[in-house]
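Reading the structure
Below, each chain spelled out in residue letters.
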Amino acid sequence: MQTIQDVMTRDVQSISPQDTVQRAAQMMDELNVGSIPVLDGQKLVGMITDRDITVRSTAAGQAPGQARVGDVMSTDVRTCAPNQTVDAVLGQMGDVQIRRVPVVDEQSQEVIGIVSLGDMAAKHSAGIDHTLEEISTPAEPDRSTLGSQTRH
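Residues numbered from 1 in each chain as written. Predicted model: local features only at pLDDT ≥ 70, side-chain atom pairs only at ≥ 80, totals over all residues. Heavy atoms only, no water.

Taken as a whole and judged by the stated rule, the model has 2 salt bridges. Note that Glu30 and Arg23 form a salt bridge whose closest N and O atoms lie 3.4 Å from each other. A relative accessible area of 57% places Glu30 in the exposed class. (Salt bridge = Lys/Arg side-chain N within 4 Å of Asp/Glu carboxyl O. Buried < 20%, exposed > 50% of the residue type's maximum accessible area, 1.4 Å probe, protein only.)

With that out of the way, let us pick up the side chain of Ser57. Mapped onto the elements, Ser57 comes out in helix H3 (residues 50–58). Apart from the residues lying within four places of it in its own chain, the contact partners of Ser57 are Val21, Asp52, Gln62, Ala67 and Val72. (Helix = DSSP H or I, 4+ residues; strand = E, 2+ residues; numbered from the N terminus. Contact = heavy atoms within 4.5 Å.)

Let us now look at the pairing of strand E1 (residues 35–40). Burial analysis of E1 places 5 of its 6 residues in the buried class, which makes it a mostly covered element. Linking two consecutive strands that pair antiparallel, namely E1 and strand E2 (residues 43–49), is a turn of 2 residues; a positive phi of about 70° is found at Gly41 within it. (Pairing = 2+ DSSP bridges.)

Another point: the confidence of the model for the protein. One rule of thumb: low pLDDT means the predicted coordinates there are not for detailed reading. Confidence in the prediction of the protein, expressed as mean pLDDT, is 86, and 81% of residues score 70 or more. Across the protein, the element-wise mean pLDDT spans from 52 in helix H7 (residues 128–135) up to 98 in helix H4 (residues 69–72). Taken as a whole, residues 146–152 scores under 50 in pLDDT and shows 0 contacts with residues more than four places along the chain or in a different chain. (pLDDT = per-residue confidence, 0-100.)

In this structure, Asp11 takes a positive phi of about 55° despite not being glycine. On the secondary structure map, Asp11 appears in the loop between helix H1 (4–7) and helix H2 (21–31). On the basis of relative accessible area, Asp11 is assigned to the exposed category, the value being 66%. At Asn32, a residue that is not glycine, the phi angle is positive and equals roughly 55°.

Below, the discussion takes up the environment of Ala121. The residue Ala121 is located in helix H6 (residues 117–123) in this model. By relative accessible area, Ala121 is classed as partly exposed at 41%. Here the alpha-carbon distance between Ala121 and Val7, two residues 114 residues apart in the chain, equals 9.4 Å.

So this is what it looks like as structure tokens:
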């Protein structure tokens, strides 16, 4: 059985919660990625995604050069260990509908890699179709903020 350390991407770039949202967007552009782990020192404190920037910063009217990563990042981060099986992590990704998971060393608790559906598809094809189907399940729109704007 393949483990996460067999398929993960090493040499992961990270960002600080004190960095600006603009810097996060620039890094995503430079690295051609949609998310970046947020580290406070060596400790994983969140992930910032292109969606976090769009929904929590841009849509809220924040200035990208002023808004901080720590204010818009996702803090409920799922992680995995390098010795976990690819199939187990694929199952977790499908259950919570995520496409990328930081890999954390069990001893030091430091981020040592990241694993994405793309990594798994390229190096371990079994189970990808089912996981992608679970992750791609359409969400219902949040209509709670529409209030009186809703047409009948």
